[in-house]
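What follows is the residue order along each chain.
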Amino acid sequence: MDSDSREKTPLSEAEHAFLLALYNSDAPSVTRMLKRDPSLVNAAAVSQCGYLSPVSVTFPIHIAAQSGHVAILQALLTAGASPNKKTMSGRKEHVSALWCAMSSNHPEAVKLLLDAGADPKPEGLQLLFLACKNQSPEILTLLLNTYGVNPTAETPTTNIIDGEASSLPDKCFPLNAAAACGSQECLTILLKAGVDKNKEDFSEHFTPLHYAIKGGHIHLVNALTSQPSDLMKPNSKGVTPLS
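What counts as what
Residues numbered from 1 in each chain as written. Predicted model: local features only at pLDDT ≥ 70, side-chain atom pairs only at ≥ 80, totals over all residues. Heavy atoms only, no water. 1 Å grid on protein atoms, 1.4 Å probe; cavity = no way out; pocket = protein on both sides within 12 Å on 5 of 7 lines; lining within 4 Å. Points joined across faces, edges and corners; volume = space filled by probe spheres on them. Nonpolar A, V, L, I, M, F, W, Y, C, P; charged D, E, K, R; others polar. Helix = DSSP H or I, 4+ residues; strand = E, 2+ residues; numbered from the N terminus. Buried < 20%, exposed > 50% of the residue type's maximum accessible area, 1.4 Å probe, protein only. Contact = heavy atoms within 4.5 Å. Lys, Arg positive; Asp, Glu negative; His and termini not counted. Salt bridge = Lys/Arg side-chain N within 4 Å of Asp/Glu carboxyl O. Polar contact = N/O pair within 3.5 Å; in protein donor to acceptor, adjacent residues only side chain to side chain. Phe/Tyr/Trp six-rings, centres within 6.5 Å; stacked < 30°, edge-to-face > 60°. Lys NZ or Arg CZ within 6 Å of the ring centre and 35° of its normal. Axes fitted to C-alpha atoms, helices over the stretch in contact; angles between N-to-C directions. Parallel < 35°, antiparallel > 145°, perpendicular 65-115°, else oblique. Left-handed = near helix turned anticlockwise from the far one by under 90°. Core = buried A, V, L, I, M, F, W, Y, C linked by side-chain atoms within 4.5 Å.

A. Up close: empty space enclosed by the protein. Counted by the stated rule, this structure contains two cavities of 30 Å³ or more. Estimated volume of the largest cavity: approximately 40 Å³. In this structure, the largest cavity is lined by Met102, Asn105, His106, Pro107, Val110, Ala131, Asn134, Ser136 and Ile139. Class assignment of the residues belonging to the lining of the largest cavity gives a composition of five nonpolar, four polar and no charged.

B. Broad picture of the environment of Ala153. Among the secondary structure elements, Ala153 is positioned in the loop between helix H9 (137-146) and strand E5 (157-158). For Ala153, a relative accessible area of 25% translates into the label partly exposed. In the structure, Ala153 is positioned 42 residues away from Val195 in sequence and 9.2 Å away in space, judged by C-alpha atoms. Setting aside anything within four residues of it in sequence, one finds Ala153 in contact with Leu125 and Phe173.

C. Structural detail: the side chain of Asp230. Note that Asp230 resides in the segment after helix H13 (221-224). No salt bridge forms around the buried Asp230; measuring N to O, its nearest opposite-charge neighbour Lys233 is 5.5 Å away. A polar side-chain atom of Asp230 sits 2.6 Å from the main-chain amide nitrogen of Ser226. Residues in contact with Asp230, not counting those within four places in the same chain, are Leu209, Thr225 and Pro241.

D. Spatial organisation of the packing of aromatic side chains. Using the criterion set out here, one finds one aromatic pair in the structure. Ring centres of Phe206 and Tyr211 lie 5.5 Å apart, and the angle between their planes is 70 degrees; this geometry places the pair in the edge-to-face category. We note that Phe206, like Tyr211, is buried. The side chain of Lys85 reaches across the aromatic face of Phe59, ending 4.4 Å from its centre.

E. Focus on the environment of Val95. The topology assignment puts Val95 in strand E4 (residues 92-96). Taking C-alpha positions, Val95 is 9.5 Å from Thr58, a pair spaced 37 residues apart along the chain.

F. Summary view of the packing of helix H4 (residues 60-67) against helix H5 (residues 70-78). Interhelical geometry of H4 versus H5 gives an angle of 155 degrees and a closest axis separation of 8 Å. By the angle between their axes, H4 is roughly antiparallel relative to H5. Considering only the axes of H4 and H5, their crossing is left-handed. On the side of H4, the interface is formed by Pro60, Ile61, Ala64 and Ala65, while H5 contributes Ile72, Leu73, Leu76 and Leu77. Along the lines of polarity and charge, the residues of the contact of H4 with H5 split into eight nonpolar, no polar and no charged.

G. Looking closely at the nonpolar core. Judged by nonpolar contacts, the single largest core of 65 residues is most densely connected at Phe18, Leu73, Leu76 and Leu113. Broken down by element, this core gets its largest block of residues, seven residues, from helix H8 (residues 124-133). Ignoring any residue separated from it by four or fewer positions in sequence, one finds Leu76 in contact with Phe18, Leu22, Leu34, Val41, Pro60, Ile61, Ala64 and Ala81.

H. Spatial organisation of the side chain of His217. Its location among the elements puts His217 in the loop between helix H12 (208-214) and H13. With a relative accessible area of 16%, His217 lands in the buried category. Here Ala180 takes part through its backbone oxygen, which lies 2.9 Å from a polar atom of the side chain of His217. Filtering out sequence-adjacent residues up to four positions away, His217 remains in contact with Ala179, Ala180, Cys181, Gly182 and Ala212.

I. Region of interest: helix H10 (residues 174-181). With seven of eight residues buried, H10 lies mostly within the body of the structure. Taken together, the buried positions of H10 are Pro174, Leu175, Asn176, Ala177, Ala178, Ala179 and Ala180. Looking one or two residues past H10, Gly182 carries a phi angle of roughly 75 degrees, positive in sign.

J. Focus on unusual backbone geometry. For Ser25, which is not a glycine, the phi torsion comes out positive at approximately 55 degrees. Judged by its relative accessible area of 34%, Ser25 is partly exposed.

K. Expanded view of the pattern of salt bridges. Counted according to the given criterion, the structure contains two salt bridges. Between Lys111 and Glu108 there is a salt bridge whose closest N-O contact spans 3.5 Å. Here the residue Lys111 and the residue Glu108 both occupy positions in helix H7 (residues 107-115), the gap between them amounting to three residues, near one helical turn. For Lys111, a relative accessible area of 22% puts it in the partly exposed group. On the basis of relative accessibility, which here comes to 48%, the residue Glu108 falls in the partly exposed class. Here Glu138 and Lys111 are joined by a salt bridge, their closest N and O atoms 2.7 Å apart. Remark: Lys111 occurs in helix H7 and Glu138 occurs in helix H9; sequence separation between them is 27 residues.

Right under this line is the structure:
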C-alpha cells in the first residue's frame, strides 16, 4: 500500500494509542500493546510534508530508531517488525530505520538493527557519510569491515539531512564529510580502505583537503597532502585549498 492509499485509511483507536505511546517513548505501554496485537508494528504515521509535497508515511520502527529508544526498538523487532522497512514518500520508498538511527546519532540502535538483519548496502555511502558526520569511527569500521559497505563507490551521497551539515553540499563523499567535521579517526579509516584523498564532490568540486582547510582542521593536512605544493593545487574549477 502506498502513502496516498494510507492517507485515506484512518487509524484505528488501537493504532492511534500505540503511535502515541511510541512518540512518548512509553516502553511499557508499547510492549504491552504489541503482546496483545503484534500487527501494530505496521501502524502507519501519515503526514503531509508541505504544500504540494508528497505524503510521508513513517512506521513504528522508524520512530523508535529516530528516538534511539533501544528497548522499544527491541520490542518491535521481537514482534516481527522488519529491520529493512522503508518510510514512504508519495509512491516511493525513502529511508530505512538504519538511516533514521544513524541520522540521529544513536549507535546502540544502529548496532541492534544491524544485529537484527538490517542491510546497510542499499544506503551504503549515505551511512558512511553519516558515520563520518557523527564522528563515529566504531560504526564506520563496523559498516566497512563487518558488513562490507563499499567506501569507493562512484555515486556521491545525497545529503538529505534538512538543516544539518550546512557546511557540506547536497552531494558529498564520506571522506569529504570526515575532513569537513575534523575527524582524524574516520579520515584514517577511509584512507586505509582505499578511498581517493583527491576525490572532488559533485557540487562544490571540493576535495577533502579543501574541506579540512575550510573547516580549520589543520591537523588533517598532513594526511591529505603528499607535498607542500598540494596546498596550491587547484580543483577542476580552479579553486585551491588556500583560496
